[in-house]
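What follows is each chain in one-letter form.
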Amino acid sequence: MFKIKKRILAYILCGAFLTGISGCGIREAKEAVGYFRETVDDIVASQGETEQEAEIPEIEITEGASAYYYGYSTLEEKEQKVYRQLAAGIESFQEEIPVDALSQEQLEQVMRVLMADHPEYFWTDGTSSYTYQEFPGGEIQNLKVRPEYQTDRAEAESIQEQIETVADQWIAQAPQGDTYEKIKYVYETLIRQVEYQEDSRQNQNIRSVFLEGKTVCMGYSKAAQYLLNRMGIFCTLVTGTVQGDRPSSHAWNLVKIGEEYYYMDVTWGNPGYLNPVENDAYISYSYLCCSWDTLAPTHVPDDTIPLPVCEDDRYNYYKNAGRWYEEYDQEQICQVLQNDLTQETAMTELRFAGQDSYELALEDLLEGSVIERAVQNSGILIPGQTLAWQTYYGGSDYLIIIAWQR
């Protein structure tokens, strides 16, 4: 006798919407990983009547391609084989995909990794059911996965063509040469071209970005991965939660420049997310090619993929721009403001290393006379002329931006 078991494998990273201070307005953390439902049907048969094993189709992953599939590289050999089998079936819209036998835990992990590696699979979110035959002694055979597809193959091909057209247009405008500048371009382009909107359509895949122009953290992160991979730059998806009054699911990216890894969070750099009322607010570059120290106070990655050490900060935007301050020095900041005004800079960016220096600066800039003194000392005003400014602050990155309105 053997049993045929049917389970529902649900892989929904961010399937519902919430409003949270720190998060993406998506599914609660405790619900984000997935769930299982099981029905068991007992049938009488002999082991000799089981289906004959046949060669299962797999996609080919070349050495060059595998460099972009970070999750794949973290799997064991037998899990990698099932990964390739699932990928072949999903790419061909196969209703029932036979795969080599794995445990329930392993199968879920492979599906999670597969979806993390492939942002181009917009036609499925990984939600699947599967069946297998279990013999006395626990041997499993004839494991088959039935993915849920959000569109049929013909429609997916049409959508894919539209996505590629927009993606290629954006890529064509990217700077040449320097990897960091290309990553920065993608970061800025997604923020400027795509609105953060919690109730946007298809916001868990790249359709929301390239076809709708509205998305949430998952859409931003998958789109960044999709664009950079097409540009020949390593970028993978990282999922987890963010801290706050109520932890919520979140997604961001891991990128690589040379031999070093860095984090990138497009969502948290987006003024539409940080300051939804201020549509003209400025981009925060704190989450562009940053080290783990920047994310550690707020971001908690899950266990989908083991993450490398990210401690290099040579691409810290504000350090390189000379706008990083370990301590608050009133005279120093006043001189910085004065110089920016004299040079007719559109905005002044001040990034502080910690909470204490940030709060001192904020109190002085908002309630003191530092800005007024800098304006007077700059000598830019003539009789009858006025100057206004808007101050942006309040993020977890200790960043203050003063936008000058001449």
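Here's what I pulled together on the structure shown here. (Residues numbered from 1 in each chain as written. Predicted model: local features only at pLDDT ≥ 70, side-chain atom pairs only at ≥ 80, totals over all residues. Heavy atoms only, no water.)

1. Observations regarding the sheet that holds strand β12 (residues 324-325)
Definition in use: A pair of strands counts as paired when DSSP detects no fewer than two bridges linking them. Note on conventions: DSSP H or I runs of at least 4 residues are helices, E runs of at least 2 residues are strands, and numbering of each starts at the N terminus. Two residues form a contact once any of their heavy atoms are found within 4.5 Å. For every element, the axis is a line fit to its C-alpha atoms; helices are fit only across the contacting stretch, and the angle between N-to-C directions ranges from 0 to 180 degrees.
Sheet architecture is open: four strands sit in the order β12-β13-β15-β14, paired in mixed fashion. One side of each edge strand has no neighbouring strand; the edge strands of this open sheet are β12 and β14 (388-392). As paired elements, strand β13 (residues 347-352) and strand β15 (residues 399-405) share five bridges and run antiparallel to each other. Bridge pairing links Met347 to Ala403 in β15. On top of the sheet, helix α14 (residues 355-367) reaches β12, β13, β14 and β15; it is set at about 25 degrees to β15, its chief contact. In the packing of helix α15 (residues 370-378) onto the sheet, contacts are made with β14 and β15, and the angle to β14 comes to roughly 140 degrees.

2. Structural notes on empty space enclosed by the protein
This is how the line gets drawn: Space inside and on the surface of the protein is sampled on a 1 Å grid over the protein atoms alone, with a cavity defined as a set of points where a 1.4 Å probe fits but cannot get out and a pocket as an open set with protein on both sides within 12 Å along at least 5 of 7 lines; lining residues have an atom within 4 Å of a point. Grid points are joined across faces, edges and corners, and a volume is the space filled by probe spheres set on the points. For this classification, Asp, Glu, Lys and Arg are treated as charged, while Ala, Val, Leu, Ile, Met, Phe, Trp, Tyr, Cys and Pro are nonpolar and the rest, including Gly, are polar.
Applying the stated criterion to the full structure yields one cavity of 30 Å³ or more. Along its surface, the largest cavity is lined by Trp170, Ile171, Tyr185, Val186, Thr189, Leu227 and Met231. At the level of secondary structure, the elements contributing two or more residues to the lining of the largest cavity comprise α5 (153-172) and α6 (179-193). Per-element tally for the lining of the largest cavity: the top contributor is α6, with three residues. Class assignment for the residues of the lining of the largest cavity results in six nonpolar, one polar and no charged.

3. A short note on the packing of aromatic side chains
Note the following rule: Geometry of aromatic contacts follows a simple scheme: Phe, Tyr and Trp rings, the Trp one being its six-membered ring, pair when their centres are within 6.5 Å, and the pair is stacked under 30 degrees between planes, edge-to-face over 60, tilted otherwise. Throughout this description, buried means an accessible area under 20% of the type-specific maximum (1.4 Å probe, protein chains only), exposed means over 50%, and partly exposed covers the range between. In this analysis the charged atom, NZ for Lys or CZ for Arg, is taken to sit over a ring once it is within 6 Å of the ring centre and within 35 degrees of the ring normal.
Under the criterion given, the structure shown has 23 aromatic pairs. Ring geometry for Tyr70 versus Phe234: centroids 5.9 Å apart, planes at 70 degrees, classification edge-to-face. With Tyr70 in helix α2 (residues 70-73) and Phe234 in the loop between α8 (217-230) and β8 (235-242), this pair connects stretches of sequence that are 164 residues apart. In this pair, the class of Tyr70 matches that of Phe234, namely buried. Here the aromatic rings of Tyr282 and Tyr392 are separated by 6.3 Å at their centres, their planes lie at 75 degrees, and the arrangement is edge-to-face. Linking Tyr282 in the loop between α10 (271-274) and α11 (292-295) with Tyr392 in strand β14, this pair joins segments that are 110 residues apart in sequence. With relative accessibility at 7%, the residue Tyr392 sits in the buried group. Ring pairing ties together the aromatic residues Phe93, Tyr121, Phe122, Trp123 and Tyr149, which thus form one cluster. One Lys or Arg, Lys319, reaches over the ring of Trp324 and ends 4.8 Å from the middle of that ring.

Function cannot be read off these values alone, since they describe shape.
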